[in-house]
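Observations on the three-dimensional arrangement
For reference, the chains in residue letters:
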Amino acid sequence: CYCLCKPTSMALRAALCGVLAMMATAEGPAGVADDIFAAVRRDDAAAIERLVGADATVLDKTGPGGQSPTMHGVLQGKSKAVATLIKLGADLTVGEKDGYTPMHGAGFQGRAKVAKLLAAAGVDVNAVHADGYAPIHRACWGTQQRHAETVEAMLALGATLADKAACRAAADGSNAWTADVVKAHFAKADL
């Protein structure tokens, strides 16, 4: 099952990341839509522009995991592809099959550069999913340094830690880099 919800254990977190990685590299539907997902995986801006020029409907078509090409690129950290899709007018509010939008995907996968691109395009860094969590919480739950970099980027972009306990608990337990970022933020901010 693919979701960006808070994993309850390291084993579950690893399993979810494995499933997410498989879905992000799975082949999309046959034809031009498949080509758009392949172009996104290659981070090939020219191919994306050519494909969207030939069939504009592929811009927001869903493919692997119910993902749009933009979400597909976000999850894989394909910043050139994401920037191209934004430039071509991709709908940045399109969620994947469980309703998670690209900014949530950037948090979950620890994609700071992509989060900055999305924010520059007007995507709300504080958008809360139906599960009650914002993209920054998903970044806090990550276990790699890139997640800490994403937390730091999101804070710089105006993300708030309305549920500071969720971020602090995640950071204190699983990622020393994120713990440092969050602790520094709490020390500076009047939360």
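A quick note: this is a predicted structure, and the numbers were derived from the prediction, not measured. (Residues numbered from 1 in each chain as written. Predicted model: local features only at pLDDT ≥ 70, side-chain atom pairs only at ≥ 80, totals over all residues. Heavy atoms only, no water.)

Observations concerning the overall build of the protein
Note the cut-off: Helix and strand assignments follow DSSP, with helices taken as H or I runs no shorter than four residues and strands as E runs no shorter than two, numbered in order from the N terminus. Relative accessible area decides the class of each residue, using a 1.4 Å probe on protein chains only: under 20% of the type maximum gives buried, over 50% gives exposed, and in between gives partly exposed. Surface accessibility follows the Shrake-Rupley procedure with a 1.4 Å probe radius. Residue values consider only the protein chains on display as shielding.
Helices and strands together make up the secondary structure of the protein, namely eleven helices and zero strands. Classification of the 191 residues of the protein by burial places 50% in the buried group. With the model as given, the accessible surface of the protein reaches about 8200 Å², and the carbon-plus-sulfur share is 56%.

Focus on helix α7 (residues 112-120)
Note the cut-off: It is the directions from the helix axis to the C-beta atoms whose arc is reported. Between two residues, a contact is recorded if the distance between any of their heavy atoms is within 4.5 Å.
Listed in full, the buried residues belonging to α7 are Ala112, Val114, Ala115 and Leu118. For α7, the arc enclosing every buried residue in end-on projection is 160°, short of the 170-degree limit, so these residues lie on one face. For α7, the exposed residues lying more than 90 degrees away from the buried face are Lys113 and Ala120. Buried positions along α7 lie against α4 (69-76), α5 (79-87), α6 (102-109) and α9 (145-156). The first or second residue beyond α7 is glycine 122, which carries a positive phi of 100°.

Quick look at the nonpolar core
Spelled out, the test is: We define the nonpolar core as a collection of buried residues of types Ala, Val, Leu, Ile, Met, Phe, Trp, Tyr and Cys that are connected through side-chain atoms lying within 4.5 Å of one another.
If you look at the biggest cluster of nonpolar residues, it comprises 36 residues, and the most contacted ones within it are Ile36, Ile48, Met103, Leu118, Ile136, Val151 and Met154. Elements represented by at least two residues in this core include exactly α2 (32-42), α3 (45-54), α5, α6, α7, α8 (135-140), α9 and α11 (176-188). With residues near it in sequence (within four places) discarded, methionine 154 still touches Met103, Ala106, Gly107, Ala115, Val125, Pro135, Ile136, Ala139 and Ala159.

A word on α4
When you tally the buried positions in α4, you get eight out of eight residues, the bulk of the element. Those residues of α4 not exposed but buried are Pro69, Thr70, Met71, His72, Gly73, Val74, Leu75 and Gln76. Trailing α4 by a residue or two, glycine 77 shows a phi angle of about 70°, which is positive.

Some details on the packing of aromatic side chains
Counted only if it meets this: Each pair of aromatic rings taken from Phe, Tyr and Trp, with Trp reduced to its six-membered ring, is defined by centres within 6.5 Å and is described as stacked if the planes are under 30 degrees apart, edge-to-face if over 60, and tilted in the remaining cases.
Under the definition given, this model contains one aromatic pair. With centroids separated by 4.8 Å and ring planes inclined at 80°, the aromatic side chains of tyrosine 133 and tryptophan 141 adopt a geometry described as edge-to-face. A residue is classified by how much of its surface remains accessible, and tryptophan 141, at 2% relative accessible area, is buried.

Observations concerning the confidence of the model for the protein
Using the following cut-off: Each residue carries a pLDDT score, the predictor's confidence in it, ranging from 0 to 100.
A residue-level look at the protein finds 75% of positions with pLDDT of 70 or above and a mean pLDDT of 82. Note on residues 14-30: pLDDT is under 50 here. Beyond four places in sequence and across chains, it has 36 contacts.

Looking at the side chain of histidine 147
Position of histidine 147 relative to the elements: it lies in helix α9. Classification of histidine 147 by relative accessible area gives buried; the value is 5%. Residues contacting histidine 147, with those up to four places away along its chain left out, are Gly107, Phe108, Gln109, Gly110, Ala139, Gly142, Asn175 and Thr178.

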